[in-house]
Amino acid sequence: MATTLLDLLRQSTILDIDANEESVTKLHGPFQDMTSNQAIVLNELKKPQHQEIISQSVIQAVADVDSGAAKQEEVSQLAVDWMTVKLGLRVLPHLHVEGHVHAQTLPSLAYDTAATVAHALQLVNLYSRSGIASSRVCIKIPSTLEGLRACKILQRDHNVRTLATTVFSIEQALAAAEDAKCIYAAPYLNPLRVHFVKGTHIAYENPVKEMPGLKVTAQIQREYRKRKLSTQLMAASLVTAEEALSTSGVDRVTLSPAVLDLLANIREPFDPKFIRIHADAIEACSPTYQEADADFSDVHISLEEPASDLRAALEREYVKQLMDEALFHFKNAEEELLILARKSMGKQ
């Protein structure tokens, strides 16, 4: 019986937590996975209770350099990677026994396949050194052509689980599932800017019917189910309770602490609009749902050269803008994390 909107959403989709917050995981769980990125890590490390993680990570990175396990010029990024891992270690015990902790590769490497693979393997290695099997780790990689090729290499050659993030088109999602063999693909309901630039979020009365990012997400979900693909869709970048409930019927959704609080605080009896959104969302994800979609039934998106279909999708004006914006904000967080590490090193 659903007593809150959070309960209602749990009836139709798997819930993941989009935060490195142990307390929120305990409060609103259970959750399957914990997702993360540079901005989430940065925000967590600004909190007083996590200052010890910064100093511990710097000490560990310096020790790795001193032992010859890493190069001196890599010490700052290595410290940040240790911070990412140590935050994840705090949340992992509160996840499902088969759930994953996620770590995102560097957005500055989003157009460099080899460097992205190397960074992904480093993150997996740090978790391994911390006693966490690679089967519990999932690496998030931006869905550029080069990033998706990195996903394919990691899945095929290293048995590393990957999530294709910053998905804004069905072509990216199909490439992630059919060629790269990612275990997850994460379409963004909102442009990433809504989390960084005040006044840019657009609220919709019924996102299922009106929201562009949600329409793409439902279209991808329908196509995945028609093709019986094993890759799971993970909706991301949500702001309102209406948006969250609009992911009912999607394989899974990752939710921030703020959205979790919203859902948990809306209790029965529910406003009729929420019942309508819930029903509309489930219907929209059904493979039998009738929508004026382009016909993708015979479309297979290859990552091999010339990769014309994927390149064309990534060059569409709105997709390119959304990708550029996402990488811009993630890169800013990446740079701030390096500054944080260097400042801490100066205090050692």
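The structure displayed is predicted, hence computed values, not measured ones.

Q: Describe in detail the overall build of the protein, supporting the description with residues and values.
A: A count of helices and strands for the protein gives 15 helices and seven strands. Structurally, the protein occupies a C-alpha span of about 60 × 50 × 40 Å along its principal axes. The buried share among the 348 residues of the protein stands at 57%. Taking contacts inside the protein between residues at least 6 apart in sequence as the whole, the part at least 24 apart equals 72%. Between the averaged position of the 35 positive side-chain charges in the protein and that of its 45 negative side-chain charges there is a distance of 3 Å.

Q: Got a sec to walk through the packing of aromatic side chains? Specific residues and values, please.
A: Overall, the coordinates contain one aromatic pair when judged by the stated rule. Between Phe-168 and Tyr-188, the aromatic rings sit 5.6 Å apart at their centres with planes inclined by 80°, giving edge-to-face as the arrangement. You can see Phe-168 sitting in the loop between β4 (161-167) and α8 (170-179) and its partner Tyr-188 sitting in the loop between β5 (184-187) and α9 (207-210), a full 20 residues away along the chain. For Phe-168, a relative accessible area of 5% gives the class buried. Tyr-188 gets classed as buried once you look at its relative accessible area, which sits at 7%. We note Arg-10 situated over the ring of Phe-31; from NZ or CZ to the ring centre the distance is 5.4 Å.

Q: Requested: an account of the packing of α8 against helix α14 (residues 308-315), with residues and values cited.
A: One can describe the packing of α8 onto α14 by two numbers: an axis separation of 9 Å at closest approach and a directional angle of 140°. One element, α8, and the other, α14, form an angle in the oblique class. Where α8 crosses over α14, the two elements pack in a sense that is left-handed. Contacts between α8 and α14 involve Glu-171, Gln-172 and Ala-175 on the former and, on the latter, Asp-309, Leu-310, Ala-313 and Leu-314. Among the residues forming the contact of α8 with α14, the class breakdown is four nonpolar, one polar and two charged.

Q: Any details on unusual backbone geometry? Residues and values, ideally.
A: Here Glu-268 and Pro-269 are connected by a cis peptide whose omega angle stands at -5°. Mapped onto the elements, Pro-269 comes out in the loop between α12 (257-264) and α13 (272-284). Of note in the backbone geometry, Ser-237 takes a positive phi value of approximately 65° without being a glycine.

Q: Which residues make up the nonpolar core, and what values go with them?
A: Within the largest apolar cluster, 110 residues are counted, with the highest numbers of intra-cluster contacts made by Ile-139, Leu-255 and Leu-263. In terms of residues, this core owes the most to one element, helix α15 (residues 317-347), which gives ten residues. Within the second largest apolar cluster, five residues are counted, among which are Cys-138, Leu-163, Tyr-184 and Met-234.

Q: With reference to specific residues and values, describe the sheet that holds strand β2 (residues 101-104).
A: An order of β1-β7-β6-β5-β4-β3-β2 is seen for the seven strands of this open sheet, with the pairing classed as parallel. Because the sheet does not close on itself, it has two edges, and the strands there are β1 (14-17) and β2. The mean inter-strand angle of the sheet, taken between neighbouring strand axes irrespective of direction, is 30°. Of the pairings in the sheet, the one linking strand β3 (residues 137-142) to β4 comprises five bridges and is parallel in character. Bridge pairing links Pro-142 to Thr-165 in β4. Its contacts with the sheet put helix α10 (residues 212-227) on β4, β5 and β6 (232-235), and the angle it makes with β6 is roughly 165°.

Q: Would you mind going over the environment of Leu-126 in detail, with residue names and values included?
A: Mapped onto the elements of the fold, Leu-126 is located in helix α6 (residues 113-129). Leu-126 sits 41 residues away from Val-85 along the chain, and the two C-alpha atoms are 7.0 Å apart. Not counting residues up to four positions away in its chain, the partners in contact with Leu-126 are Leu-78, Asp-81, Trp-82 and Val-85.

Q: Account for the packing of helix α4 (residues 51-66) against helix α5 (residues 75-91), with residues named and values stated.
A: Where α4 contacts α5, the two axes come as close as 8 Å, and the packing angle between them is 130°. The orientation of α4 relative to α5 falls into the category oblique. In this structure, the crossing between α4 and α5 has a hand that is right-handed. Listed contacts from α5 to Ile-53, Ile-54, Gln-56, Ser-57, Val-58, Gln-60, Ala-61, Val-62, Asp-64 and Val-65 of α4 are Val-75, Leu-78, Ala-79, Trp-82, Met-83, Lys-86, Leu-87 and Arg-90. Looking at side-chain class alone, the contact of α4 with α5 contains twelve nonpolar, three polar and three charged residues.

Rules used throughout
Residues numbered from 1 in each chain as written. Predicted model: local features only at pLDDT ≥ 70, side-chain atom pairs only at ≥ 80, totals over all residues. Heavy atoms only, no water. Helix = DSSP H or I, 4+ residues; strand = E, 2+ residues; numbered from the N terminus. Buried < 20%, exposed > 50% of the residue type's maximum accessible area, 1.4 Å probe, protein only. Contact = heavy atoms within 4.5 Å. Lys, Arg positive; Asp, Glu negative; His and termini not counted. Charge placed at Lys NZ, Arg CZ, Asp CG, Glu CD. Phe/Tyr/Trp six-rings, centres within 6.5 Å; stacked < 30°, edge-to-face > 60°. Lys NZ or Arg CZ within 6 Å of the ring centre and 35° of its normal. Axes fitted to C-alpha atoms, helices over the stretch in contact; angles between N-to-C directions. Parallel < 35°, antiparallel > 145°, perpendicular 65-115°, else oblique. Left-handed = near helix turned anticlockwise from the far one by under 90°. Nonpolar A, V, L, I, M, F, W, Y, C, P; charged D, E, K, R; others polar. Core = buried A, V, L, I, M, F, W, Y, C linked by side-chain atoms within 4.5 Å. Pairing = 2+ DSSP bridges.

Shape is all these values report; function is a separate question.
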